[in-house]
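Coordinates in review
Here are the chains, one letter per residue:
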Amino acid sequence: MPLDPQVEAMRAEREAANVPQLYTQTLAEARAADLASIQAAGGEAESVHHVEDLATDAGLPLRVYRPDLTGPLPTLVYFFGGGWTLGSIETADGICRRLANAVPCQVITVGYRLAPEHPFPAAVHDCRDATQWIAANADKLQVDPARIAVGGDSAGGNLAIATTLLARDNGPALAGQLLVYPNTLYGSDTISMRNGDDPYLFNKTSVGWYWDHYLTDSADGLDPLASPLLAESHADLPPALVITAEYDPLRDEGEYYAEKLHAAGVPTTLSRYDGMVHGFFAMSGILDGGKNAMAEAATWLGGIFRDA
């Protein structure tokens, strides 16, 4: 189907204003522009009963979003997107607030280190360490250790997958994984990637720019913690919801990952949003598709937490 009319309007505004692609800017400019764009498209931030900034014992920043519930609480550990290069706790703030209220559950987002200052696998280690620390400090954080899920969008989805691969062998036990248009394969040459060349939307040049910042050596792209589609086994991973967008260069590799999980016996729901583009999950303020995907994610999380 064609671009959703709301997406088409957003794209037309970008073209009329000649909005520069993030990959044409300096890192500082791109990071500021990315945050401003997400905040503008995300709509008004929802109020949450309790929001608190913390840090792990190793000093890794966390932000806790806790609804008005008594613990121990089902908890989503969320990793922000931004190609491992942009993004921060602030860029995921709107998503975390909405999910905390809608599920309802506690959401803890992780301020992992960014590339190129801290290339692969620094972000993977941070997300793994934070998840382990949250589980180890369950009493302090009002976390139900039997109901911990991980999730993220784009690069954050990639990091959530890497965390599940590591947790499978070393813990903690995870109840689910919410994967929103995740990167799953370095150097992918899929149909959606080849067709992803729109100059006013996230495109294949964007994808390459992020990978170039994340990896110090292209050989690292073969590591399953960078390209989880290449993992030897996808068995015994937690149930997954994989959300993709029709007009996203990452669409096919996200859907291939869902197929890998399903083939390995992992309960997996794949949900493609027709007419949508990369980033739509964070655009609830301007795209109905973003609102619908957020509602689907909340319903799914509520279900896996009940099952756990």
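Scroll up for the structure.
In what follows, the accompanying structure is described. (Residues numbered from 1 in each chain as written. Predicted model: local features only at pLDDT ≥ 70, side-chain atom pairs only at ≥ 80, totals over all residues. Heavy atoms only, no water.)

So, about the packing of aromatic side chains. The geometry of an aromatic ring pair comes down to the distance between the two centres and the angle between the two planes. Following the criterion strictly, the structure yields 10 aromatic pairs and no others. Ring geometry for F80 against Y112: centres 4.1 Å apart, planes inclined by 10°, an arrangement best described as stacked. Here the residue F80 occupies a position in the loop between β3 (73–79) and α3 (93–102), and Y112 occupies one in the loop between β4 (106–110) and α4 (122–136), the gap between them amounting to 32 residues. Here F80 and Y112 have matching classes, each one buried. With a centroid separation of 5.9 Å and an interplanar angle of 55°, the aromatic rings of Y181 and F280 are classed as tilted. Taken together, the residues span a long stretch of sequence, with Y181 in the loop between β6 (176–180) and α7 (191–195) and F280 in the loop between β8 (268–277) and α10 (288–307) at a distance of 99 residues. For the pair shown, Y181 and F280 are each scored as buried. (Phe/Tyr/Trp six-rings, centres within 6.5 Å; stacked < 30°, edge-to-face > 60°. Helix = DSSP H or I, 4+ residues; strand = E, 2+ residues; numbered from the N terminus. Buried < 20%, exposed > 50% of the residue type's maximum accessible area, 1.4 Å probe, protein only.)

Once that is clear, we can look at the side chain of T190. If you trace the backbone, T190 turns up in the loop between β6 and α7. Judged by relative accessible area, T190 falls into the buried class, the value being 7%. Of the polar contacts made by the side chain of T190, one reaches the backbone nitrogen of M193; its length is 3.1 Å. When near neighbours in sequence (up to four residues on either side) are disregarded, T190 contacts P249, D252, E253 and Y256. (Polar contact = N/O pair within 3.5 Å; in protein donor to acceptor, adjacent residues only side chain to side chain. Contact = heavy atoms within 4.5 Å.)

Here we take up helix α6 (residues 155–170). Counted at 1.5 Å a residue, the expected span for α6 with its 16 residues is 22 Å, and the 22 Å between its end C-alpha atoms agrees. For α6, the tally of buried residues reaches 13 of 16 residues, placing the bulk of the element in the interior. Positioned one or two residues after α6, G171 has a phi angle of 75°, which is positive. (Expected span 1.5 Å × (residues − 1).)

Remark: α3 packs on α10, axes separated minimally by 9 Å, with the N-to-C direction vectors making an angle of 50°. When the axes of α3 and α10 are compared, the pair comes out oblique. Judged by the sense of rotation from one axis to the other, the crossing of α3 with α10 is right-handed. Facing α3, whose interface residues are I95, R98, L99 and A102, α10 presents M294, A297, A298 and L301. (Axes fitted to C-alpha atoms, helices over the stretch in contact; angles between N-to-C directions. Parallel < 35°, antiparallel > 145°, perpendicular 65-115°, else oblique. Left-handed = near helix turned anticlockwise from the far one by under 90°.)

Turning our eyes to something else, we now look at unusual backbone geometry. Going from V103 to P104, the amide bond is cis rather than trans, its omega being -15°. Assignment of secondary structure puts P104 in the loop between α3 and β4. Cis peptide bonds are those with omega within 30 degrees of zero, and the linkage from F120 to P121 qualifies with 10°. Even without being glycine, Y181 reaches a positive phi, approximately 30°. Looking at Y181, the relative accessible area reads 2%, which means it is buried. Backbone geometry places D236, a non-glycine residue, at a positive phi of 65°.

All quantities given are derived from atomic positions and should not be read as evidence of function.
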